[in-house]
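Chain by chain, the residues run as shown.
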Amino acid sequence: MSFTPKGKHLIAGEWVAGDATFKSAPAHGEAHDYAVGTPEHVDKAVQAAEEAFWSYGYSSRQERADFLNKIADEIEARAEAITQIGSQETGLPEARLQGERGRTTGQLRLFASHILKGDYLDIRHDEALPERKPLPRPDLRMIQRPIGPVAVFGASNFPLAFSTAGGDTASALAAGCPVVVKGHSSHPGTAEIVAEAIAAAIKACGIHPGVFSLIQGGRRNVGQALVQHPLIKAVGFTGSLVGGKALFDLCAQRAEPIPFFGELGSVNPMFLLPEALKARAAEIATGWAGSLTLGVGQFCTNPGIAIVIDGPDADAFSQAATDALTPVAEQTMLTDGIAEAYRSGRDRVKGTTGVQELLTSVCNMRGASPYLYKTTGENWLANEVLGEEVFGPLGLIVTVKDFAEMKKLAQSLHGQLTCTLHMDTGDTMQARQLMPVLERKAGRILANGFPTGVEVCDAMVHGGPYPASTNFGATSVGTLAIRRFLRPVCYQNMPEAILPQDLNH
């Protein structure tokens, strides 16, 4: 299937132009013009989403599951065209985009299967006890209900899995909530073709067209208008700490504050315990180098920090990591802005007192190659800037004097998406001492692995304490993500004829 972008917004089933346009900046291939979103577009889309909620929010789980599966079908029907324009816009290799497309359709189908089981509704029933003394108990039933229209912001680093029909959109639709997406300007064509797939699914399933809208481009006022619109009831966001914090604050300042589910940033530290380091220093270093440079380091779970106890084994690890990273060639980053931010992060780390340069390179324009630095635990603790995320293939080795300092460093961490323990059996006692600390710092804790892959499944948690995410009780990956867009409602002495259909069983 060939694809020529319309360059328009999709608002409640209609392709809508704008008075102004912006031009895409592809890594290669032809640039295209796209309409610039406005607060007026936002209002039209949100009003339509509210109208759609009165039917979609009360549709059956089977109807919603069929819709999610149909979206997946329509995305797969456009597979070749999605890969082509996605590769042009982002510079990502075709194999990566094909895998990400599979993840996108896979989570749509997973959520469809999950809601059919009904467990996510957390149904509870306390039967009436009319004879109870001193007071009778009424009949009480509880169920999770959809909250209303949801705003979703497309991510720069995942044009499919975290964008137009990605995890936030899929989980909101699974919950019964219409969605308004603000597309990311780095891949507008990819957003448009996926929106086209969703529109086809809406038509095929006979759903109210206001259930989904895509607004392209736009300045900050568009994002602000979206999160501040009184009909929007929650926001899903994946992006920078600065941008996410600004939107988070706007959500909190509303007359009716709403939840902002933002995934903002993480350095994903690895703790290399002594026995594992002694036995497998080179092996761990080689694996780290591969994880650090995968996708040019443009993953929110990129393990940017390795903490080791100083000594010959730490020296061997540092040398092996340097050797593994040295031959890695320059690769194209997703956008010019991301590449510039990477260079800025490099300069911030490099310019910090007490930081030693192990591997340097030259990065120009949109290209990036790895950097490797080393510092002490004492210097880390004295310079909070070293704990800030550098989005790209930059690694920092932190050598600590002993395990006590390693634990102190762990306690100093801000919230993380992941923390990793590299350990052997002889490290078990120290690992046990670290676990209570790491549980308070991260949403996912790994042993003897690397965190760059995030499995889409029931048990996955992709979130963590701030600033990894803005809501430590939620995840943006896995079936638990659906619960973000639901709230519990209790029904007391309610006639069965007017109860939600999922409570009639």
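Higher on the page you've got the structure.
Residues numbered from 1 in each chain as written. Predicted model: local features only at pLDDT ≥ 70, side-chain atom pairs only at ≥ 80, totals over all residues. Heavy atoms only, no water.

1. Quick look at the pairing of strand β17 (residues 371-376)
Counting buried positions over the 6 residues of β17 gives 5, a clear majority of the element. Where β17 meets strand β18 (residues 394-400), 6 bridges bridge the pair, whose relative direction is parallel. Considered in β18, the bridge of Lys374 is made with Ile397. Note that the unit made of β17, helix α12 (residues 377-382) and β18 has a crossover that is right-handed. (Buried < 20%, exposed > 50% of the residue type's maximum accessible area, 1.4 Å probe, protein only. Helix = DSSP H or I, 4+ residues; strand = E, 2+ residues; numbered from the N terminus. Pairing = 2+ DSSP bridges. Right-handed = clockwise from strand over helix to strand, strands pointing away.)

2. Overview of the sheet that holds strand β6 (residues 140-146)
Read across the open sheet, the 3 strands follow the order β5-β6-β21; overall the sheet is antiparallel. Looking along the sheet, the strands with just one partner apiece sit at the ends: β5 (124-126) and β21 (486-492). Across the sheet, the mean angle separating the axes of adjacent strands is 25 degrees when strand polarity is ignored. By the bridge criterion, 3 bridges tie β5 to β6 in an arrangement that is antiparallel. Bridging from a neighbouring strand, His125 pairs with Arg141 of β6. (Axes fitted to C-alpha atoms, helices over the stretch in contact; angles between N-to-C directions.)

3. A look at the side chain of Asn157
Looking at the secondary structure, you find Asn157 in the loop between β7 (150-153) and α5 (167-175). Within the structure, Asn157 has its side chain in polar contact with the backbone oxygen of Gln298 (distance 3.2 Å). (Polar contact = N/O pair within 3.5 Å; in protein donor to acceptor, adjacent residues only side chain to side chain.)

4. Remarks on helix α8 (residues 241-253)
The end-to-end C-alpha separation of α8 is 18 Å, in line with the 18 Å expected for 13 residues at 1.5 Å each. Those residues of α8 lying buried are Gly244, Leu247, Leu250 and Cys251. The buried residues of α8 occupy an angular sector of 120 degrees when the element is viewed end-on, so they sit on one face. Exposed positions of α8 whose direction lies more than 90 degrees from the buried face are Val242 and Gln253. At its buried positions, α8 is contacted by β7, α7 (220-228), β10 (234-238) and β11 (260-263). (Expected span 1.5 Å × (residues − 1). Arc of directions from axis to C-beta. Contact = heavy atoms within 4.5 Å.)

5. Let's talk about the packing of aromatic side chains
The geometry of an aromatic ring pair is captured by the separation of the ring centres together with the interplanar angle, meaning the angle of the planes. Under the definition given, this model contains 14 aromatic pairs. Consider the rings of Phe153 and Phe237, whose centres lie 5.8 Å apart with planes at 65 degrees: the pair is edge-to-face. Within this pair, whereas Phe153 is found in strand β7, its partner Phe237 is found in strand β10, the two being separated by 84 residues in sequence. When the ring of Tyr342 is compared with that of Tyr371, the centres are 5.9 Å apart and the planes differ by 55 degrees; the resulting orientation is tilted. Remark: Tyr371 occurs in strand β17 and Tyr342 occurs in helix α11 (residues 336-350); sequence separation between them is 29 residues. The pair Tyr342 / Tyr371 is uniform in exposure class, with both members buried. Grouping aromatic residues by their ring pairs yields a cluster made of Phe153, Phe237, Phe248 and Phe260. A cation over an aromatic ring shows up here: Lys6 above the ring of Trp15, its NZ or CZ 4.5 Å from the ring centre. (Phe/Tyr/Trp six-rings, centres within 6.5 Å; stacked < 30°, edge-to-face > 60°. Lys NZ or Arg CZ within 6 Å of the ring centre and 35° of its normal.)

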